[in-house]
Amino acid sequence: GSKTMQVLEQMPGGSTCGAQGLVVANELSSSRAHVLAKRCSLLGSPCMHFVVTQHSAQTFPGPTGFFDRIVCDVPCSGDGAMRKYPEKWRLWSPHYGRMLHARQLQIALRSVALLRVGGIMSYSTCSFNPLENEAVVAALLTRTAGALELCKCKELSGLRARPGLTSWQVIDENAGLLLSYAE
């Protein structure tokens, strides 16, 4: 919900009744969708330009090329949030990134289809795993055969950015390396 609230606050005319545009937030979980709608309603007037939907993101309905901007915040292993939620360590396993990769790519591909030509999509996870980040972006760029390009992010004061990885190792359930896709 915090990314959605940030998007609402950044809309042209954001905190006024003169806000332009529409924010569509999709959340598959009904309980999370309810919490999202409740949190965003606290913003007041920007919520006149806000809708919460509940669809599978891979098959989200809508016309091709409809959206100007998309924040593609995909389900992830959450290993980047372990410091905030230490209880996640008990449930974490190296296979989560491999398990989620295909679903993340499907969601990103559907997002691209919904994006207008010249639009901007931001791909987001709360994971450090390159299988959930760089590998998904690399596969997305390959699958779209030149229709997409990476954009350099604006520098934000106090935030250090680094280039993404161009190669990575894949670990199996026993902390061994998988050397090929077939493995």
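Our structure is the block above this text.
Residues numbered from 1 in each chain as written. Predicted model: local features only at pLDDT ≥ 70, side-chain atom pairs only at ≥ 80, totals over all residues. Heavy atoms only, no water.

Caption draft 1: Structural view of the packing of aromatic side chains. For the coordinates displayed, the defined rule picks out two aromatic pairs. Seen in terms of ring centroids, Phe66 and Phe67 are 4.9 Å apart; in terms of plane orientation they differ by 90°. Their pairing is edge-to-face. Taking 6.1 Å as the distance between ring centres and 70° as the angle between the ring planes, the aromatic pair formed by Trp89 and Trp92 counts as edge-to-face. The class for Trp89 is exposed, based on a relative accessible area of 53%. We classify Trp92 as partly exposed; its relative accessible area is 31%. (Phe/Tyr/Trp six-rings, centres within 6.5 Å; stacked < 30°, edge-to-face > 60°. Buried < 20%, exposed > 50% of the residue type's maximum accessible area, 1.4 Å probe, protein only.)

Caption draft 2: Representation of helix H4 (residues 95-114). With 20 residues, H4 should cover 28 Å at 1.5 Å per step; its first-to-last C-alpha distance of 30 Å lies within 8% of that length. Along H4, the residues that are buried comprise Gly97, Leu100, Gln104, Leu105, Ile107, Ala108, Arg110, Ser111, Val112 and Leu114. On the buried face of H4, the contacting elements are strand E3 (67-73), strand E4 (115-124) and helix H5 (134-143). (Helix = DSSP H or I, 4+ residues; strand = E, 2+ residues; numbered from the N terminus. Expected span 1.5 Å × (residues − 1). Contact = heavy atoms within 4.5 Å.)

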